[in-house]
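Chain by chain, the residues:
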Amino acid sequence: MLPREQRLTARRDFKAVYTGGKSFVNRSLVLRVLRKNEGQAARFGFSTSSKLGNAVLRNRMTRLLRESVRSLAGKIKETGYDAVIIVRPAARAATFVQIREAVEDLLRKAQLLEDGARAKKDRARG
């Protein structure tokens, strides 16, 4: 599970990302990113529409997305933005590996991943 300080939960925060954020898209997901002050922790929110399916399926997709972001934590920049990941109906039958790859692709497009050399150095330290 993502730590509380890395979660986007308030409606006004989601609304701010939707209205002022920049969009990045792939077949199964949409990433909206709103840049903030560099000192503030990065926060992630997840959105699943009822078009996706019933509550069981929507909750499953949210868990897969949350775990994908958590598993990429060593590569993701830690400060300066709020992000919302929106699930498209095409993701309905996707596996965890496919979802994780889609999330990583969007984060790369949005330039939210640390460059390889720095990320390796940080992992070696901690």
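Attention in this report is confined to the structure presented alongside it. In this text the structure is predicted, and so the values were computed from the model without any measurement. Think of each chain on its own: its residues are numbered from 1, step by step along the sequence as written. pLDDT decides what is reported in this predicted model: residues at 70 or higher carry local features, side-chain atom pairs at 80 or more are listed and counted, and totals for whole chains, interfaces and linings draw on all residues regardless. Here the side-chain values reflect all heavy atoms present in the structure, with hydrogen atoms and water set aside.

Once the charged atoms of two side chains with opposite charge are near each other, the side chains can pair. We count a salt bridge whenever a side-chain nitrogen from Lys or Arg sits within 4 Å of a carboxyl oxygen from Asp or Glu. For the coordinates displayed, the defined rule picks out nine salt bridges. Two residues, Asp-82 and Arg-43, come together in a salt bridge whose shortest N-O distance is 2.9 Å. One end of the pair, Asp-82, is in strand β4 (residues 81-87); the other, Arg-43, is in strand β3 (residues 43-47), with 39 residues separating them in the sequence. Between Arg-108 and Glu-104 there is a salt bridge; the shortest N-O distance is 3.4 Å. Of this pair, Arg-108 and Glu-104 both sit in helix α3 (residues 96-109), four residues apart, which is roughly one turn of that helix. Here's how the labels work: a residue is buried when its accessible area is under 20% of the maximum for its type, exposed when over 50%, partly exposed in between, all with a 1.4 Å probe on protein chains only. Glu-104 sits in the buried class, given a relative accessible area of 12%. Salt bridges here are not isolated pairs; linked through shared partners, they connect Arg-12, Asp-13, Lys-36, Arg-43 and Asp-82. In DSSP terms, a helix is any run of H or I states spanning at least four residues, a strand is any run of E spanning at least two, and both are numbered starting from the N terminus.

By nonpolar core is meant a set of buried Ala, Val, Leu, Ile, Met, Phe, Trp, Tyr and Cys residues that side-chain atoms within 4.5 Å join together. Grouped together as the largest cluster of nonpolar side chains are 30 residues, with contacts concentrated most on Leu-31, Phe-44, Ile-85, Val-103 and Leu-107. Among the secondary structure elements, those contributing two or more residues to this core are β2 (29-35), β3, α2 (55-71), β4 and α3. In this structure, Ile-85 is in contact with Leu-29, Val-30, Leu-31, Phe-44, Gly-45, Phe-46, Ser-47, Leu-65, Val-69 and Val-103, ignoring residues within four places of it in sequence. Should any heavy atoms of two residues lie within 4.5 Å, those residues are considered in contact.

Classification of ring pairs rests on two measures: the distance between centres of Phe, Tyr or Trp rings, Trp counted by its six-membered ring, which must be within 6.5 Å, and the angle between planes, read as stacked under 30 degrees, edge-to-face over 60 and tilted in between. One pass over the full model with this rule turns up one aromatic pair. Ring plane angle 85° and centroid distance 5.9 Å describe the contact between Phe-44 and Tyr-81, whose orientation is recorded as edge-to-face. With Phe-44 in strand β3 and Tyr-81 in strand β4, this pair connects stretches of sequence that are 37 residues apart. For the residue pair Phe-44 and Tyr-81, the accessibility class agrees, reading buried in each case.

Spatially, four strands are ordered β1-β2-β4-β3 in an open sheet, and the strand pairing comes out mixed. In this open sheet, the two strands that pair with only one neighbour each are β1 (22-25) and β3. Each strand axis lies, on average, 20° off the axis of its neighbour in the sheet, ignoring direction. Note on pairing: DSSP must find at least two bridges between two strands before they are called paired. Here β2 runs beside β4; their pairing, made up of seven bridges, is antiparallel. Each axis is a line fitted through C-alpha atoms, taken for helices only over the stretch in contact, and angles between the N-to-C directions span 0 to 180 degrees.

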